[in-house]
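Coordinate analysis (summary)
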Amino acid sequence: MERGGLIERIYEAAFISEMWPDVLRSLAEISGSAIGSLLVFSTRAPPFARSTAAFDQEAVRAMSSPGWMISAADRAAAYAGHRGFYVTSDLLTDAMRARDAIGAFMKQRDFGEQASARIELPTSESAVFTFDRRLADGRHAPGQIDILNSFMPDLSRATLVAARLGVAKAQSTVAALQLIGLPAAVMTRYGVVLATNRGFDALADLFVAVADGGLAILDAAANRLLKSAVEHAGLGDGVVSSIPIRREERTPLVVHVAPLKRGARDIFGGADLLLAVTEVAVGGATPSAAILT
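Let us look at the structure shown here. Keep in mind that this is a model prediction, so the values were computed, not measured. (Residues numbered from 1 in each chain as written. Predicted model: local features only at pLDDT ≥ 70, side-chain atom pairs only at ≥ 80, totals over all residues. Heavy atoms only, no water.)

This part is about the sheet that holds strand β12 (residues 273-279). The antiparallel open sheet is built from five strands, whose spatial order is β7-β6-β12-β11-β10. Edge positions in the sheet fall to β7 (193-196) and β10 (241-245), since each has one partner strand and no second. Taken pair by pair, the neighbouring strands of this sheet meet at an average axis angle of 20°, ignoring direction. Of the pairings in the sheet, the one linking strand β11 (residues 253-259) to β12 comprises seven bridges and is antiparallel in character. Bridge pairing in β12 links V255 to V277. (Pairing = 2+ DSSP bridges. Helix = DSSP H or I, 4+ residues; strand = E, 2+ residues; numbered from the N terminus. Axes fitted to C-alpha atoms, helices over the stretch in contact; angles between N-to-C directions.)

Here it is as structure tokens:
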């Protein structure tokens, strides 16, 4: 493909994430690689992973785990202050290779030498591009690394846009819930709050920010239930929880914790959990069994 056309598609992928696999496939082809992958890690959002179609979905899920961010090769590159693409194996000692679980994972899938680059974005995100060759194909040639490096400025700008859009998308979606009178927040499966709306922020007497971007309920019993719900979400249990909160001389509330899956996760900018707060209206009539259920 013509270089100019590929650069245009890189910037298009910054706004339309579904295009990243095609962009990565093109970069893999011109660099003599079998697959290409992009990972974006953030302290405020869940990991974002995209890869070419040749990489199975189990592997893409593994790439989204925190362990991938601290692979032996990536740590070595950060320590060396390396900029641009490099051949991963050049930075590993024999001892590091023996402990490299990520390398072993890839080898099981018949992938060997890897060209990689880490981009520290001027926010809280880090983007990692990797291009892997089959075991039988050996290492990348210097010219192939040069080709990848020629796209580094464009990849850096595109990933910055993509990372910020993810957070903005979460914020705009919970803001929409405000229009129907629903206080709401979205979180990662690690308990990091990505976005809240005005209704949720107004409940400062019930919720408090904690370390590392987390959230706690001031009522101790309710907070234990919230922590349990987040832990279940981290395990992928998909459990929906409803947490009652008593308030002195005020209408009690229920915090509903629902997992975000498939298309719903994309709508909320990659968040894993939705917290929605509803009041328990106390009237003269007893609620029906259907309502209680």
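Right, picking up where we left off after that structure.
Side chains of a nonpolar character, in soluble globular proteins, are inclined to be buried together. I10, W20, L27, F85, F129, F131 and L155 are the most contacted members of the largest nonpolar core, which totals 29 residues. Counting only elements with at least two residues in this core, the list comes to α1 (3-15), α2 (20-30), β1 (35-42), β4 (111-120), β5 (125-134), α8 (142-150) and α9 (152-178). (Core = buried A, V, L, I, M, F, W, Y, C linked by side-chain atoms within 4.5 Å. Buried < 20%, exposed > 50% of the residue type's maximum accessible area, 1.4 Å probe, protein only.)

Below, the discussion takes up the packing of aromatic side chains. In the structure shown here, the tally under the stated rule is three aromatic pairs. Measuring from centroid to centroid gives 5.9 Å for F85 and F131, while their planes differ by 50°, and the two rings are tilted. Pair noted here: F85 is in the loop between α5 (72-80) and β3 (86-87) and F131 is in strand β5, with a separation of 46 residues, a long-range link. No difference in accessibility class separates F85 from F131, as the two residues are buried. Between the NZ or CZ atom of R3 and the centre of the ring of F151, over which it lies, the distance is 4.4 Å. Directly above the ring of F105 sits R109, whose terminal nitrogen or CZ lies 4.0 Å from the centroid. (Phe/Tyr/Trp six-rings, centres within 6.5 Å; stacked < 30°, edge-to-face > 60°. Lys NZ or Arg CZ within 6 Å of the ring centre and 35° of its normal.)

With that settled, consider the packing of α1 against α2. Relative to each other, α1 and α2 sit at 145°, their axes nearing to 9 Å. Like other packed secondary-structure pairs, α1 and α2 cross with a definite hand, here left-handed. Touching L6, R9, I10, A13 and A14 of α1 are W20, D22, V23, S26, L27 and I30, all from α2. Residues that form the contact of α1 with α2 fall into these classes: eight nonpolar, one polar and two charged. (Left-handed = near helix turned anticlockwise from the far one by under 90°. Contact = heavy atoms within 4.5 Å. Nonpolar A, V, L, I, M, F, W, Y, C, P; charged D, E, K, R; others polar.)

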